[in-house]
Amino acid sequence: MSGRHNKFILWLPVIALCLAIFLQSCFPSPDMGPSFPLKDKVLHLAAYGLLAVLFVRACRWTWPSRLSGLQLMLLGIGFATLYGLGDEYHQSLVAARQAEVMDVVADFAGSILGSAVYLRMPAGHSRIDKTVDIL
């Protein structure tokens, strides 16, 4: 496999999660699983935390040693938060959905948490990084 092919594969999880978030936002929210206070915000925090992790991971492996940890973190936070903002705008156009500022706040918080936790792991030592070796 070529290096270019490997780099493309690194971005597939980012694309897949963005697509899943977009498609889920096209329909009314499913009422699944146990209910608890702020469930929606916790789900936003988790989804956008994961999106930031996948984005930072792809950047780290696509451009090794070109970006500092701080730059990677800011890119991850910026990408995930802007995608969340765009998703809220998209939801404002869907009849059964509504946009909420607090969802964007949860997306932002999740992106900070996801980026920070991922970058605290040494490159190549986390489970998510080990998949790069398989590719």
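Residues numbered from 1 in each chain as written. Predicted model: local features only at pLDDT ≥ 70, side-chain atom pairs only at ≥ 80, totals over all residues. Heavy atoms only, no water.

(A) Layout of the nonpolar core. Counting residues in each nonpolar core, the largest one holds 19 residues, and the members touching the most others are W11, V14 and L51. Listing elements by their share of this core, those giving two or more residues are α1 (3-24), α2 (39-62), α3 (69-92) and α4 (101-120). At nine residues, α2 tops the list of elements feeding residues into this core. Leaving out residues up to four positions away in the same chain, V14 has contacts with L51, L54, F55, A58 and F79. (Core = buried A, V, L, I, M, F, W, Y, C linked by side-chain atoms within 4.5 Å. Buried < 20%, exposed > 50% of the residue type's maximum accessible area, 1.4 Å probe, protein only. Helix = DSSP H or I, 4+ residues; strand = E, 2+ residues; numbered from the N terminus. Contact = heavy atoms within 4.5 Å.)

(B) Main features of α4. End to end, α4 covers 29 Å across 20 residues, agreeing with the expected 28 Å (1.5 Å per residue, within 8%). Within the sequence span of α4, burial applies to D103, V104, A106, D107, G110, S111, G114, S115, Y118 and L119. (Expected span 1.5 Å × (residues − 1).)

(C) Highlighting the packing of aromatic side chains. Applying the stated criterion to the full structure yields four aromatic pairs. Taking 6.3 Å as the distance between ring centres and 25° as the angle between the ring planes, the aromatic pair formed by F79 and Y83 counts as stacked. Of this pair, F79 and Y83 both sit in helix α3, four residues apart, which is roughly one turn of the helix. Taking the relative accessible area as the measure of exposure, F79 reaches 26% and is therefore partly exposed. Note on Y83: relative accessible area 22%, which makes it partly exposed. (Phe/Tyr/Trp six-rings, centres within 6.5 Å; stacked < 30°, edge-to-face > 60°.)

(D) Geometry of unusual backbone geometry. Its identity is not glycine, yet L38 carries a phi of approximately 60°, on the positive side. What makes L38 exposed here is its relative accessible area of 63%. Phi at S65 is positive, roughly 65°, even though this residue is not glycine.

(E) Looking closely at the packing of α3 against α4. The interhelical angle for the contact between α3 and α4, taken along N-to-C directions, is 155°, at an axis separation of 9 Å. On the basis of the axis angle, α3 is roughly antiparallel to α4. At the point where α3 passes α4, the crossing takes the right-handed sense. In this structure, α3 contributes G69, L72, M73, G76, I77, A80, T81, G84, L85 and E88 to the contact, and α4 contributes D103, V104, D107, F108, S111, I112, S115, A116 and L119. Tallied by class, the residues present in the contact of α3 with α4 amount to ten nonpolar, six polar and three charged. (Axes fitted to C-alpha atoms, helices over the stretch in contact; angles between N-to-C directions. Parallel < 35°, antiparallel > 145°, perpendicular 65-115°, else oblique. Left-handed = near helix turned anticlockwise from the far one by under 90°. Nonpolar A, V, L, I, M, F, W, Y, C, P; charged D, E, K, R; others polar.)

(F) Up close: α3. Taking 1.5 Å as the rise per residue, α3 with 24 residues should run 34 Å; its terminal C-alpha atoms sit 34 Å apart, in good agreement. Those residues of α3 lying buried are L72, G76, I77, A80, T81, G84, D87, E88, H90 and Q91.

(G) Looking closely at the pattern of salt bridges. The tally for this structure, following the rule as stated, stands at three salt bridges. The partner of E100 in a salt bridge is K41, and the shortest N-O contact between them spans 2.9 Å. Taken as a pair, E100 in the loop between α3 and α4 and K41 in helix α2 lie far apart in primary sequence, 59 residues in all. Residue classification places E100 among the partly exposed residues on the basis of a relative accessible area of 28%. Between K41 and D103 there is a salt bridge; the shortest N-O distance is 2.7 Å. Residue K41 is found in helix α2, and its partner D103 is found in helix α4; the two are separated by 62 residues along the sequence. Here D103 falls in the buried class, since its relative accessible area comes to 2%. Linked by salt bridges that have partners in common, D40, K41, E100 and D103 make up one network. (Salt bridge = Lys/Arg side-chain N within 4 Å of Asp/Glu carboxyl O.)

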